[in-house]
Amino acid sequence: FNFIAVDYLIYTQEVIANIRQSYPIPAILGGIGLVAALVCVALRAAVTRIDRAAPSRTGRWVMAVGAVLLPALSLWLVNVDRMDGSGNAYADELSGNGLFSFAAAMRRNELDYDKFYRTMPQDQADRILAGLEVERVPLAQALGGGGADAEDDPPDDDIPMARTPGNVVLISVESLSASFLGAYGSKEGLTPNLDRIAADGVTFSRLFATGTRTVRGLEALSLGTPPVPGQAIVRRPSNEHLATIGEVLAPQGLMPFFFYGGYGYFDNMNAFFGANRYQVVDRTGIPRESVTFENAWGVADEVLFDQVLTTLDGAHRAGQPFFAQVMTTSNHRPFTYPDGRIDIPSPGGRNGAVKYTDFAIGRFVEQARSKPWFADTLFVIVADHCASVAGKSRLPVENYRIPAILYAPGNLRPGVVDTLASQIDLVPTLVEMLGKRGDAHFFGRSLFERGPPLPRAFISNYQELGYYRDDVLTVLLPRRRVVAYRIDPHDFHATETEPDERLTGEAIAYYQTAARAFKRGALAYVPPSRH
């Protein structure tokens, strides 16, 4: 009973349908009812005897006082944070009463950074970020081609492309951990198509997701900002006309699209992308006769990709370059998909869903290969988040590593980039690879930037903000606490250590500045003419 449970109460249609399609509900409820009936029969005589023995007057007073006093005392004496401390996240969660944890999650749905987390003077934070070459050039200046943005443009040989692409197709894959791919070391053979694509593309081997939810991935891949505490920006009020990659590219000639196989009201996706210059196509925009398979979360990925091809063909015929982000759904419980596509019958559990998603992406790329826009398009395949983030530590680093592949055969030099990087770095990277202005506005840094790389990543859940650098994970916590863990670079084992002052300062500078930037409107899109 945590933040996710609070969120899902809003979307009862998807959640209830998902539960019904994923589990044998009649058998489970029937079994619970039978066990309950047997317990009632067994205890009936004992309960009847207790009911006949009325409590004394003193006993009634004691119970009455306790009924009033104990809940009142809990307001001052009990805090959900006290369930932490065993050193094992599973045990900590089990030690918290479910309803108590649920109420705490409702209360903490939005966390104000300045109120709950450690802060520093903003000018000090700005100096720290400047020292990391995070200039945050005002968007109007960046789009105007002046300042640091123009100076940071790399020489042609820094970007491994023979020519600048005209279009981008960004596929954000639901719940795809790096550990599922053969290109990242898996021996299970679940991703033959993605492995072939990776071999012919540029693979980022140490790129980490910012969070544990789809909305976090969408936030990172559109805004290029570290995760703010509490609710993701995609779900927050006043999130329209922000400096998303769509808002940055649209005035420079690219039409931004957002494709989603489910209903886009879920997690506020339609409202967010629609208010930030994207043309949105969700389940309602796919012709009914084209839907050959669907489940609680959306149409099968192959159906979604067919709609993507149709829409992009239309854009190309109209002479319109495009930036298309596609959000898949098939790699999600109940893990159902069309029969006959792969050798794992549906429902095939997580492995089956991964293999089907791989099939659908491979099919899409092969169909796109015959299109006139294919040779001029950069394909990007990245996960929104991992399949699971459960672990003994609250932010298990290994469960945030996601695949990221750039693919443009005949135009992109294949290779592997081993630099530690964050999901938010893909936004300025794509802007730069397209040869467009605006990459210096984002918190992320282009992965082909001139000069030495900035090896760091941001990982979080809704209240714990992690900064991973120099094999140390620094975690900012509510009540202005800071903890740190030494991370083994090979197996990602975490050992608690004393926080490093420099790394703590960098973490505070990033997260504080990002949270204030959204709250104070600094993430808003301001065209150069209005500057």
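Residues numbered from 1 in each chain as written. Predicted model: local features only at pLDDT ≥ 70, side-chain atom pairs only at ≥ 80, totals over all residues. Heavy atoms only, no water.

With reference to specific residues and values, describe the overall build of the chain.
In terms of regular secondary structure, the chain is built from 18 helices and 16 strands. Over its C-alpha trace the chain gives a radius of gyration of 25 Å, about what one expects of a compact globule, namely 24 Å for 531 residues. Reported as C-alpha extents along the three principal axes, the dimensions of the chain are approximately 90 × 60 × 45 Å. For the chain, the proportion of its 531 residues judged to be buried stands at 53%. (Helix = DSSP H or I, 4+ residues; strand = E, 2+ residues; numbered from the N terminus. Rg over C-alpha atoms; globule rule 2.2 N^0.38 Å. Buried < 20%, exposed > 50% of the residue type's maximum accessible area, 1.4 Å probe, protein only.)

Got a sec to walk through the sheet that holds strand E16 (residues 494–497)? Specific residues and values, please.
Pairing in this open sheet of 5 strands is antiparallel, and the strands run E12-E13-E14-E15-E16 from one edge to the other. Looking along the sheet, the strands with just one partner apiece sit at the ends: strand E12 (457–460) and E16. Each neighbouring strand pair of the sheet contributes to a mean axis angle of 30°, computed without reference to strand direction. In terms of strand pairing, strand E14 (residues 472–477) meets strand E15 (residues 481–487) through 6 bridges, oriented antiparallel. Within E15, the position partnered with Leu473 by the bridge is Tyr485. (Pairing = 2+ DSSP bridges. Axes fitted to C-alpha atoms, helices over the stretch in contact; angles between N-to-C directions.)

So, empty space enclosed by the protein: which residues are in play, and what are the values?
A probe matching the size of a water molecule, rolled over the atoms, marks out where space remains unfilled. What the rule picks out here adds up to 3 cavities of 30 Å³ or more. What the largest cavity holds in volume is close to 50 Å³. Surrounding the largest cavity, Arg136, Leu223, Thr225, Ala243, His441, Phe442, Phe443 and Leu523 form its lining. Tallied by class, residues from the lining of the largest cavity come to 5 nonpolar, 2 polar and 1 charged. (1 Å grid on protein atoms, 1.4 Å probe; cavity = no way out; pocket = protein on both sides within 12 Å on 5 of 7 lines; lining within 4 Å. Points joined across faces, edges and corners; volume = space filled by probe spheres on them. Nonpolar A, V, L, I, M, F, W, Y, C, P; charged D, E, K, R; others polar.)

Describe in detail the environment of Thr225, supporting the description with residues and values.
You can see Thr225 is positioned in the loop between helix H12 (214–223) and helix H13 (245–249). Excluding residues that lie within four positions of it along the chain, Thr225 makes contacts with Glu219, Ile233, Ile424, Phe443 and Ala514. (Contact = heavy atoms within 4.5 Å.)

Lay out unusual backbone geometry with the relevant residues and their values.
Glycine aside, negative phi is the norm for most residues, and most peptide bonds take the trans geometry. Across the junction of Arg333 and Pro334, the peptide omega takes the value 20°, indicating a cis bond. Looking along the chain, the bond that leaves Ser346 and enters Pro347 is cis, with omega of -5°. Secondary-structure assignment places Pro347 in the loop between strand E6 (322–327) and helix H16 (349–368). Positive phi outside glycine occurs at Glu133, with the angle close to 60°. Topologically, Glu133 is positioned in the loop between helix H8 (122–131) and helix H9 (139–143).

Lay out the pattern of salt bridges with the relevant residues and their values.
Once their charged atoms are close, side chains differing in charge can pair, the charge on each being opposite to the other. Applying the stated rule across the entire model yields 19 salt bridges. Residue Arg216 pairs with Glu219 through a salt bridge whose shortest N-O separation is 2.9 Å. Note that Arg216 and Glu219 are positioned in helix H12 at a spacing of 3 residues, about one turn of the helix. According to the relative accessible area criterion, Arg216 is buried, its value standing at 5%. Its relative accessible area of 0% is what places Glu219 among the buried residues. Residue Arg502 is joined to Asp470 by a salt bridge in which the shortest nitrogen-to-oxygen separation is 2.6 Å. Taken together, the residues Arg502 in helix H18 (residues 501–519) and Asp470 in the loop between strand E13 (465–469) and E14 connect sequence positions 32 residues apart. Relative accessible area serves as the criterion here: at 43%, Arg502 is assigned to the partly exposed category. A residue is classified by how much of its surface remains accessible, and Asp470, at 38% relative accessible area, is partly exposed. (Salt bridge = Lys/Arg side-chain N within 4 Å of Asp/Glu carboxyl O.)

Talk me through the packing of aromatic side chains; I want residue IDs and the actual numbers.
What the rule picks out here adds up to 21 aromatic pairs. With 5.0 Å between their ring centres and 85° between their planes, Phe272 and Phe273 make a pair best called edge-to-face. When its relative accessible area of 0% is taken as the criterion, Phe273 is described as buried. Judged by centre distance (5.7 Å) and plane angle (40°), the ring pair of Tyr467 and Tyr510 falls under tilted. Residue Tyr467 is found in strand E13, and its partner Tyr510 is found in helix H18; the two are separated by 43 residues along the sequence. (Phe/Tyr/Trp six-rings, centres within 6.5 Å; stacked < 30°, edge-to-face > 60°.)

Give a description of the sheet that holds strand E2 (residues 202–204) that names residues and reports values.
Taken in spatial order, the 8 strands of this open sheet run E5-E4-E6-E1-E7-E9-E2-E10, and their pairing is mixed. The strands lining the two open edges of the sheet, one partner per strand, are strand E5 (279–281) and strand E10 (415–417). Direction aside, the axes of adjacent strands within the sheet are offset by 15° on average. Bridging between strand E1 (residues 167–173) and strand E7 (residues 377–383) involves 7 bridges; their strand directions are parallel. Within E7, the residue paired with Ile171 across the bridge is Ile381. Against the sheet, helix H11 (residues 192–199) touches E2, E7 and strand E9 (404–407), its axis set at about 60° to E9. Lying over the sheet, H12 contacts E1, strand E4 (255–260), E6 and E7, oriented at roughly 165° with respect to E6.

Go over helix H3 (residues 25–52) with me, naming the residues and quoting the values.
When the terminal C-alpha atoms of H3 are compared, their 39 Å separation across 28 residues agrees well with the 40 Å that a helix rising 1.5 Å per residue should span. Its maximal kink placed at Leu43, H3 deviates by approximately 50°. (Expected span 1.5 Å × (residues − 1). Bend = angle between axes of the 7 residues up to and from the residue.)

Please provide a residue-by-residue account of the pairing of E1, values included.
With 7 of 7 residues buried, E1 is to be regarded as a mostly interior element. The two faces of E1 match: Asn167, Val169, Ile171 and Val173 on one face and Val168, Leu170 and Ser172 on the other face are all buried. The sheet contact formed by E1 and E6 spans 5 bridges and is parallel. Residue pairing in the sheet places Val168 in a bridge with Phe323 of E6.

Describe the packing of helix H15 (residues 301–317) against H16, naming the residues involved and giving the relevant values.
It is the contact of H15 with H16, at a shortest axis distance of 9 Å, that shows an interaxial angle of 20°. With respect to their mutual orientation, H15 and H16 come out roughly parallel. Relative to H16, H15 is oriented so that their crossing is right-handed. Between H15, through Asp301, Glu302, Phe305, Asp306, Val308 and Leu309, and H16, the contact on the second element is made entirely by Tyr356, Thr357, Phe359, Ala360, Ile361, Arg363, Phe364, Gln367 and Ala368. (Parallel < 35°, antiparallel > 145°, perpendicular 65-115°, else oblique. Left-handed = near helix turned anticlockwise from the far one by under 90°.)

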